Amino acid sequence: MAIKTAYLAGGCFWGLEELIRDQPGVVDTEVGYCGGSNVSPTYENHPGHAETVKVTYDDTKISYAELLDFFFRIHDPTTKNRQGDDVGSSYRSAIFYQNDNELAEAKRLIELTNQSGLYKDQVITLLEPFMQFYKAEDYHQDYLRKNPGGYTCHFIRTDISMLK
C-alpha cells in the first residue's frame, strides 16, 4: 500500500466528498479550505480559500490520474467560481498540486477532458500550488452522511473515463 494525498476543489465540499469517498482505493476524506489568505479559516471567514476535499488514497488501487478523471466527471469544471447555486471564489474548480508530477498529470487530464466533448466549454480549473490545508469545522465533515437530504449539486455526469 502506498498512501498519498490529493487536494481537490470543485464547489461545495459536501457533494465532492460524498462521491469521492466511495471510489475504490480512497482511504479517507476530509473537507476544509485551501488557497486563501488567512490562517485558521472558518466557514464564516475564509477569504480566498476554496472549499476543498483532502483525499487520502492508496495509489496501488487508484492512481492520481484516475482520481482526477473522476473529479472532472462529478463537477462542472467549465464554470468560473460557481457550482450549481453556489457562487464565489470559495466554489472555484481547482487542483492544489504538490509536485511537478501532479501538475503534469493535472494538465494532461484537463486536455483529455477538453478533448472528450463531455462539456461544451473548455475546462477552466485552476492549478494552484498546494500550501496548506485547514480542516473545516466538524459539522461539515461527512455532512451528507449525517444529513442525507442535504444540498448537493454534484453528480456523475458520465461513467465513461477520459483515460480510455
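Everything below is about the structure printed above this text.
A brief report on the enclosed structure follows. Residue numbers run consecutively from 1 along every chain, following the written order of its sequence. Totals for whole chains, interfaces and linings use every residue, but because this is a predicted model, local features are given only for residues with pLDDT of at least 70 and side-chain atom pairs only at 80 or more, for both listing and counting. Calculation of side-chain values draws on the structure's entire complement of heavy atoms; hydrogens and water are dropped beforehand.

Some thoughts on helix 2 (residues 64-74)
The α-helix advances 3.6 residues per turn, and as a result positions three or four apart in sequence lie on the same side. Counting buried positions along helix 2 gives ten out of eleven residues, so the element sits mostly inside the fold. What helix 2 keeps buried is the set Tyr-64, Ala-65, Leu-67, Leu-68, Asp-69, Phe-70, Phe-71, Phe-72, Arg-73 and Ile-74. Residues are treated as being in contact if the distance between any of their heavy atoms lies within 4.5 Å. Put simply, DSSP H or I for four residues or longer makes a helix, DSSP E for two residues or longer makes a strand, and each gets a number counted from the N terminus. Where helix 2 is buried, its residues contact strand 1 (3-10), helix 1 (13-20), strand 2 (26-34), strand 3 (50-58), strand 6 (93-97) and helix 3 (100-116). Throughout, exposure labels follow a simple rule: accessible area from a 1.4 Å probe, protein chains only, divided by the maximum for the residue type, with under 20% read as buried, over 50% as exposed, and the rest as partly exposed.

A few points about the environment of Leu-103
Relative to the helices and strands, Leu-103 is located in helix 3. Counting along the chain gives 25 residues from Leu-103 to Glu-128, while the straight-line C-alpha distance between them is 8.8 Å. Those residues within four positions of Leu-103 in sequence are excluded, and the remaining contacts are Tyr-97 and Leu-127.

Comments concerning the sheet that holds strand 1
Either a parallel or an antiparallel arrangement is found when strands of a sheet pair, and the pairing is made through backbone hydrogen bonds. Two strands pair under a simple rule: DSSP has to find at least two bridges between them. Spatially, six strands are ordered 7-6-1-3-2-8 in an open sheet, and the strand pairing comes out mixed. Of all strands in the sheet, those bounded by a partner on one side alone are strand 7 (126-129) and strand 8 (133-135). Averaged over neighbouring strand pairs, the angle between their axes works out to 40 degrees when direction is ignored. Of the strand pairs in this sheet, strand 6 and strand 7 are connected by four bridges, and their pairing is parallel. In the strand pairing of strand 7, Ile-95 is matched with Leu-127. Contacting strand 1, strand 2, strand 3 and strand 6, helix 2 crosses the sheet at an angle of about 20 degrees to strand 1. Note on geometry: axes are lines fitted to C-alpha atoms, helical ones only across the stretch in contact, with angles between N-to-C directions running from 0 to 180 degrees.

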